[in-house]
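# Observations on the model geometry
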Amino acid sequence: MPPGILTLAADKVTLSPANTGFMLICSALVMIMTPGLAFFYGGMVRVKSVLNMLMMSFISLGIVTILWVLYGFGLAFGTDSGGFIGWNGNFAGFSGIGLTELWGTSTIPVYVFAVFQLMFAVITPALISGALADRVKFTAWALFIALWVTVVYFPVAHWVWGEGGWLFELKVIDFAGGTAVHINAGAAALGVLLVVGKRIGFKKDPMRPHSLPLVMLGAGLLWFGWFGFNAGSWLGNDDGIGAVAFVNTQVATAAAMLGWLAYEKLRHGSFTTLGAASGAVAGLVAITPACGAVSPLGAIAVGAIAGVLCAMAVNLKYKFGYDDSLDVIGVHLVGGVVGSLLIGLFATGGVQSKAKGLFYGGGFEQLGRQAVGVVCVLLYSLVVSYVLAKVIDLVMGFRVDEDEEVAGIDQAAHAETAYDFAGAGGGTVGRKGPALGEALTKKVDA
Amino acid sequence: MKLITAVIKPHRLDEVKDALQSFGVHGLTLTEAAGYGRQRGHTEVYRGAEYTVDLVPKIRIEVLVEDADAEELMDVVVKAARTGKIGDGKVWAVPVDDAVRVRTGERGPDAL
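From a predicted model like this one, the values you see are computed outputs, not experimental measurements.

Moving on: the overall build of chain B. When you go through chain B residue by residue, the secondary structure sums to two helices and six strands. Secondary structure of chain B in N-to-C order comes out as β-α-β-β-β-β-α-β. Taken over C-alpha atoms, the radius of gyration comes to 17 Å for chain B, far larger than the 13 Å a tight globule of 112 residues would show. By principal-axis analysis of the C-alpha atoms, chain B measures approximately 60 × 25 × 20 Å. A burial count over chain B gives 35% of its 112 residues as buried. Long-range pairs, those at least 24 residues apart, make up 71% of the contacts in chain B between residues at least 6 apart in sequence. Summed over all atoms, the accessible surface of chain B reaches about 7100 Å², with 49% contributed by carbon and sulfur. Positive and negative charge centroids in chain B, built from 16 and 19 side chains respectively, lie 6 Å apart.

Here it is, written out as structure tokens:
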């Protein structure tokens, strides 16, 4: 996201109320993606574990927000050291940020940039949770999020977007998070999966989605929020590129949904709701890195290719036998890789960057850069996530007990169930702790 | 007396109810049920993964009738429930020794 802002003349920059307002709205749009993701995932699991699935995303809003303010923003966007990590003491606790201090050469306050980027940091670990449905300890997951953002997300965000970050300097194009968010989360999902293992009954018991309307609702919220994700990534600069990103987001998503559905109709005979929702998300993922670099026609190609390839990729788990429950690898990793690499083919050279893709007379140079970005982020995230998960597994165990998994993780981990189907099965026993009546009596006595 | 039990497709319920009413049946008992016959349910596809759903939703209707009416009533139900497609269901009759109307205590055919 930052290359373009460096082209603005620094001495002309003043705070823009319009851009600031736009970016605050974009930040709120990106925020809604995390609850949207929770519904997208929540609808796909069984009744007995829907609350846990919602919570695995929702908790990220709590944990990552605090860590981002304490040190995450400093690590990702502070002054670079060695291309690998940044630091700025003023960002720690947001303690030294002036109210009207602008972010770099942009026209928005540092606070606004920091909170916009925070929302990216929140949703990225939440994406991983889809691979782990039904079977991990909530405390282990919470600990994993805290460790993972610290040693994986914050550094990788710095590589890709931080000034001086090594992928940034290499001119790898990632407009809004194809590598830093989607490949990063998808590869992490694979790393954790290798430690956590399959659900009990994988490939044997039916594990049908319990609510496809929830999946559609979630996909709709994701699509809506994604406009903030992508169009906002140009930080409101007034050169039209944010608008192109917005248009590309819409058309690529549409094309991907159609691509997925077409594949599904040919392969399995029906146009399914889950396919439409999944195709849309695959398109959103794939256009994320590319939406500032390609034309709307290029975006249609990126979306359609991603829709078909991701629809094919979700079958890999049955072929290779890993239980990526809700297809984080098939949709986010594969979609992210497809979108990042296609920049090397479809970049027009006239939008975000001067770099041209293969189909626009640019040769293999940009494709090569994109491949380096893809492979390095993938491997780093995969290896470090595996190690983190292994350590957590050795220290406290990453999975719930077998009987808890079979009975449903909602009751075991959250002391709740999502739906009251029967209306039978026990009366009200009052509050935990002193009974309500008892407490009232005491008050009267006193 | 006979107990007629019919397991039918849910969307044929209205036709069967109407047919029973025009036949002169005063009351019936209805249960939502699930099951399968020779057709063994159907297949659903989620992201390419196929799930066989063999227990499909059915409606189970029970009617008590006098012996003389039983055969004709079965025909009426069969005619109303039939779509000609697989999974239309089944109707059967079993003998019933006695019946009591709870409100009045009437027994046997009087209780019907």
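What follows concerns the UniProt feature "modified residue: O-UMP-tyrosine" (unreviewed entry) in chain B. Within this numbering scheme, the UniProt entry marks Tyr51 of chain B as carrying the feature "modified residue: O-UMP-tyrosine" (unreviewed entry). Within the secondary structure layout, Tyr51 of chain B lies in strand S4 (residues 49-53). Leave out the neighbours within four places in its chain, and Tyr51 of chain B touches Pro206, Met207 and Arg208 of chain A together with His42, Thr43, Glu44 and Tyr46 of chain B. Within the structure, the side chain of Tyr51 of chain B is placed 3.4 Å from the backbone oxygen of Met207 of chain A, a separation counted as a polar contact.

This next bit is on the side chain of His332 of chain A. All names here are of chain A. Mapped onto the elements of the fold, His332 is located in helix H12 (residues 328-346). Residue His332 is classed as buried on the basis of its relative accessible area of 2%. Here His182 takes part through its side chain, which lies 3.0 Å from a polar atom of the side chain of His332. The contacts of His332, once residues within four sequence positions are left out, are Tyr41, Leu127, His182, Ile183, Val281, Val285 and Asp327.

Turning next to the UniProt feature "domain: Ammonium transporter AmtB-like" (unreviewed entry) in chain A. Per the UniProt record, "domain: Ammonium transporter AmtB-like" (unreviewed entry) is found at residues 22-419 of chain A. Segment residues 22-419 of chain A splits into 67% helix and 2% strand. End C-alpha atoms: 39 Å apart.

Criteria and thresholds
- Residues numbered from 1 in each chain as written.
- Chains lettered and ligands numbered in written order.
- Predicted model: local features only at pLDDT ≥ 70, side-chain atom pairs only at ≥ 80, totals over all residues.
- Heavy atoms only, no water.
- Helix = DSSP H or I, 4+ residues; strand = E, 2+ residues; numbered from the N terminus.
- Rg over C-alpha atoms; globule rule 2.2 N^0.38 Å.
- Buried < 20%, exposed > 50% of the residue type's maximum accessible area, 1.4 Å probe, protein only.
- Contact = heavy atoms within 4.5 Å.
- Areas by Shrake-Rupley, 256 points an atom, 1.4 Å probe, with all protein chains shown as cover.
- Lys, Arg positive; Asp, Glu negative; His and termini not counted.
- Charge placed at Lys NZ, Arg CZ, Asp CG, Glu CD.
- UniProt positions renumbered as here; feature names shortened; annotations may be inferred.
- Polar contact = N/O pair within 3.5 Å; in protein donor to acceptor, adjacent residues only side chain to side chain.

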